[in-house]
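So the chains spell out like this:
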2 protein chains.
Amino acid sequence: MKAERPVSFTMKQTVHFLKKHDNFCILTHSSPDGDTLGSAAALAYGLRSIGKHCFVRCGDEIPAKFSYFMREDLLTPMPYETVVAVDVADERLLGSLMVGFAGKVDLCIDHHVSNTGYAEKLYLDAGAAATCECIFELLGAAHIPLNDTIAAALYTGISTDTGCFKYSNVTARTHRIAAELYGYDIHAADICKAMFDTKSKGRLELERMVLDSARFYFDEKCMVLTVTTDMLEKTGCCENDLEGVAVLSRCVEGVIAGVSLKQKDENTFRVSLRTYDPLDASAICRRLGGGGHRAAAGCTLTGSVGDVTAQVLEAIGEALEESHAGTSAHQ
Amino acid sequence: MKAERPVSFTMKQTVHFLKKHDNFCILTHSSPDGDTLGSAAALAYGLRSIGKHCFVRCGDEIPAKFSYFMREDLLTPMPYETVVAVDVADERLLGSLMVGFAGKVDLCIDHHVSNTGYAEKLYLDAGAAATCECIFELLGAAHIPLNDTIAAALYTGISTDTGCFKYSNVTARTHRIAAELYGYDIHAADICKAMFDTKSKGRLELERMVLDSARFYFDEKCMVLTVTTDMLEKTGCCENDLEGVAVLSRCVEGVIAGVSLKQKDENTFRVSLRTYDPLDASAICRRLGGGGHRAAAGCTLTGSVGDVTAQVLEAIGEALEESHAGTSAHQ
């Protein structure tokens, strides 16, 4: 039956599905971010408000900074019959939830163009800047009113997935939705402070170390930053402190490929790639067994830091060459 | 006649004034930012589109990064009869344009609640996140259509004055206007990259030095960063590279008063203060002879770095004490 998956759902079909079913288990992706958590919480509160039963599951621990919308009661397990995944582009991103949920997702709601189609039904809006945009519209189409907590959850997903309205995935719709969310008591500036402008002292120290690791390639079009497990130990930082390091890699003038290598163990590195036109991060990471968006993608590679850097640079080099070829062909 | 100033203008009166007059000289504040320049350019292009003559003057050099909307032809002097200042809260902020324009501003369009009322007529909308919000609405009320360049200029002002929609001055209106501006070909992601995510290598180096200078006070509620002329020399950075350093001062967990001291010469420091509730940056800086907004304000102090730090800490200490007093009185 695998070959028939997924059935592409329209917004109307998705709303119908949500209204027809009950006892939802809503899954987020592992290493949860604002969009997957905001989507899950907003959907759960919305469904509860029309009398449905549901709870949220995440394969990893949920960072405390999301507790203003991701309340404990959302996470209390209960018997379920309908499995919905939100913002999960690939089944493998369920992480530890793969055990128990692989092949069992009834509906996936997502905005990643790279969605692998693992769920039985898929509501995919690749034009949405965040899955929270989809959830906002689905709740509207279902005539489920928002409240302050739902609005705060949706705002969190939209703002975090767009770098606070900075990235190229933002559209007029993104801002129109934000304007509507401001109609609720969402404390947006506090959310932004918590999401974007709050660093521990250890995190500041880590940033300095990471910037010290900066190496430039391809006429300074490419910058590579490295975060070793050793740096994390020295600064007392953890995995969650690494958010935003990938962003640092694309802030230097002239850099169109910003790479950050995060050491997971002795011989494994998580690679995050941020690109600007004409490079396509998603295409480059697909060559390395990963995926993502055009401006932000990732993959996991094994080897020493030197090996891994070489693999990434080779893929970027090829993409740069192709883009040059493409450009000159048009001239 | 000073005492009668200013005449507070409604939107309708302001539109009438702009339509009735011609040959405008539009003034920005010194150390020009995205909002004063975006306002000036959008107003100038808008007025030109209805057959008016105008040009823009700024007391300081205009950073090259604004050239996508601040075109050379806007800056070509011509005989003028009507002087309009945009985003200029205090006449002294005209800088070198004080010579020639002090006491001669016919109309000021502004969003600073601290506007000193130096102009003959004042259109003040203190609820606007940026003066560009006011210009957007004035152009709309005047039935002057936008174009791509005007929209890009307005987007620049709105995004830069709100830290890209992060600060507490943002309202639903801000996002509604942004959504409308996205209807034009504004290349918002490129603007954001240029305004927020582009640093020279020297600037990265400067950031590390500045972070090294970090000192904490009042149970780590206050962080002070110092930028000396020496640091600028060593990294090859200039005044314009300092934008954003003030923002660094308020990103550390628990810090509600972020101070940055920028050395202007041997014994002069420009103080930038960023605060979170319950502190009021504007009130603190007024004690020190400066002013600004509730969350972001500044002043200029003389003395050694030690003297200046002591003066700032004293004012912050008093404000902290008062805020504690205020809090306990309510409990």
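The structure displayed is predicted, hence computed values, not measured ones.

Rules used throughout
Starting afresh in each chain, residues are numbered from 1 along the sequence in its written order. All chains are assigned letters beginning with A, and all ligands numbers beginning with 1, in the order in which they are written. Residue-level local features of this predicted model are given only where pLDDT is at least 70; pairs of side-chain atoms are given and counted only at 80 or more, and the full residue set underlies all totals for whole chains, interfaces and linings. With hydrogens and water set aside, each side-chain value is computed from the structure's full complement of heavy atoms. Two residues form a contact once any of their heavy atoms are found within 4.5 Å. Accessible area, probed at 1.4 Å, shrinks when two parts are joined; the buried area is that loss added up over both. For this document, the term salt bridge refers to a Lys or Arg side-chain nitrogen within 4 Å of an Asp or Glu carboxyl oxygen. Here a polar contact means two N or O atoms within 3.5 Å. Within protein one must be a hydrogen donor candidate and the other an acceptor candidate, and residues neighboring in sequence count only if both atoms are side-chain atoms. The secondary structure listing takes helices from DSSP runs of H or I that are at least 4 residues long and strands from runs of E that are at least 2 residues long, numbered from the N terminus. Classification convention: Asp, Glu, Lys, Arg as charged; Ala, Val, Leu, Ile, Met, Phe, Trp, Tyr, Cys, Pro as nonpolar; all other residues, Gly among them, as polar. Here the expected span of a helix is defined as 1.5 Å times the quantity of residues minus one. Three labels apply to residues, based on accessible area from a 1.4 Å probe with only protein chains included: buried if under 20% of the type maximum, exposed if over 50%, partly exposed otherwise in between. DSSP-based pairing: two strands are paired if at least 2 bridges between them are found. When the copies are superposed, the least-squares fit takes in the C-alpha atoms of residues with a pLDDT of at least 70 in both.

J.: So what's going on with the interface of chain A and chain B? Which residues, and what values?
T.: With 35 residues of chain A at the interface, the matching set in chain B holds 35 residues. With both sides pooled, the region where chain A packs onto chain B buries about 3500 Å², and carbon together with sulfur makes up 62% of that total. Across the pair D197 of chain B and K166 of chain A runs a salt bridge, and its minimum N-O distance is 3.3 Å. The interface formed by chain A and chain B holds nine residue pairs in polar contact (both at pLDDT 80 or more) in total. At the level of secondary structure, the elements contributing two or more residues to the side of chain A that touches chain B comprise helix 6 (172–181), helix 7 (188–196) and helix 8 (201–212) of chain A. The residue inventory of the side of chain A that touches chain B, partitioned by class, reads 19 nonpolar, five polar and eleven charged.

J.: Quick one: what's the story with helix 8 (residues 201–212) of chain B, residue by residue and with numbers?
T.: Between its terminal C-alpha atoms helix 8 of chain B stretches 17 Å, which fits the 16 Å expected from twelve residues at 1.5 Å a residue. Three or more residues of helix 8 of chain B are buried, namely G202, R203, L204, L206, E207, R208, V210 and L211 of chain B. In this structure, the buried residues of helix 8 of chain B make contact with helix 8 of chain A together with strand 8 (222–227), helix 9 (229–235) and helix 10 (245–248) of chain B.

J.: Let's hear about the pairing of strand 9 (residues 257–265) of chain B: which residues, and what values?
T.: Residues and elements named next belong to chain B. Counting buried positions over the nine residues of strand 9 gives seven, a clear majority of the element. Taken together, the six bridges between strand 8 and strand 9 define a ladder with parallel strand orientation. Within the sheet, the bridge partner assigned to V224 lies in strand 9 and is V259. Pairing geometry for strand 9 and strand 10 (residues 268–275), over eight bridges, is antiparallel. Paired with S260 across the bridge in strand 10 is S272. The turn linking strand 9 back onto strand 10 is made up of two residues.

J.: Explain the pairing of strand 4 (residues 82–86) of chain B to me, using residue names and the numbers behind them.
T.: Taking burial as the measure, the five residues of strand 4 of chain B include five buried ones, the bulk of the element. Along strand 4 of chain B, one buried face is formed by T82, V84 and V86 of chain B and the opposite face, lined by V83 and A85 of chain B, is buried too.

J.: Any details on the relation of the copies chain A and chain B? Residues and values, ideally.
T.: Of the transformation superimposing chain A on chain B, the axial component is 0.0 Å and the angular component is 180°, with the fit at an RMSD of 0.1 Å. Read as a symmetry element, the transformation amounts to a two-fold axis. Taking the C-alpha atom as reference, chain A places H175 of chain A closest to the rotation axis, 2.6 Å from it. Residue by residue, 100% of the interface of chain A is reproduced at the interface of chain B, so both copies engage with the same surface.

J.: Account for the pattern of salt bridges, with residues named and values stated.
T.: Under the criterion given, the structure shown has 28 salt bridges over all chains. When the shortest N-O distance is used, the salt bridge between E133 of chain A and R173 of chain A registers 3.0 Å. In this pair, E133 of chain A sits in helix 4 (residues 131–141) while R173 of chain A sits in helix 6, placing the two residues 40 residues apart along the sequence. We note that E133 of chain A, like R173 of chain A, is buried. Between D73 of chain B and R48 of chain B there is a salt bridge, and its shortest N-O distance comes to 2.6 Å. Placement of the pair is D73 of chain B in the loop between strand 3 (54–57) and strand 4 and R48 of chain B in helix 2 (residues 34–49), with a sequence separation of 25 residues. Assessed through its relative accessible area of 39%, D73 of chain B is described here as partly exposed. R48 of chain B sits in the partly exposed class, given a relative accessible area of 29%. Salt bridges sharing common partners tie together D125, E133, E137 and R173 of chain A.

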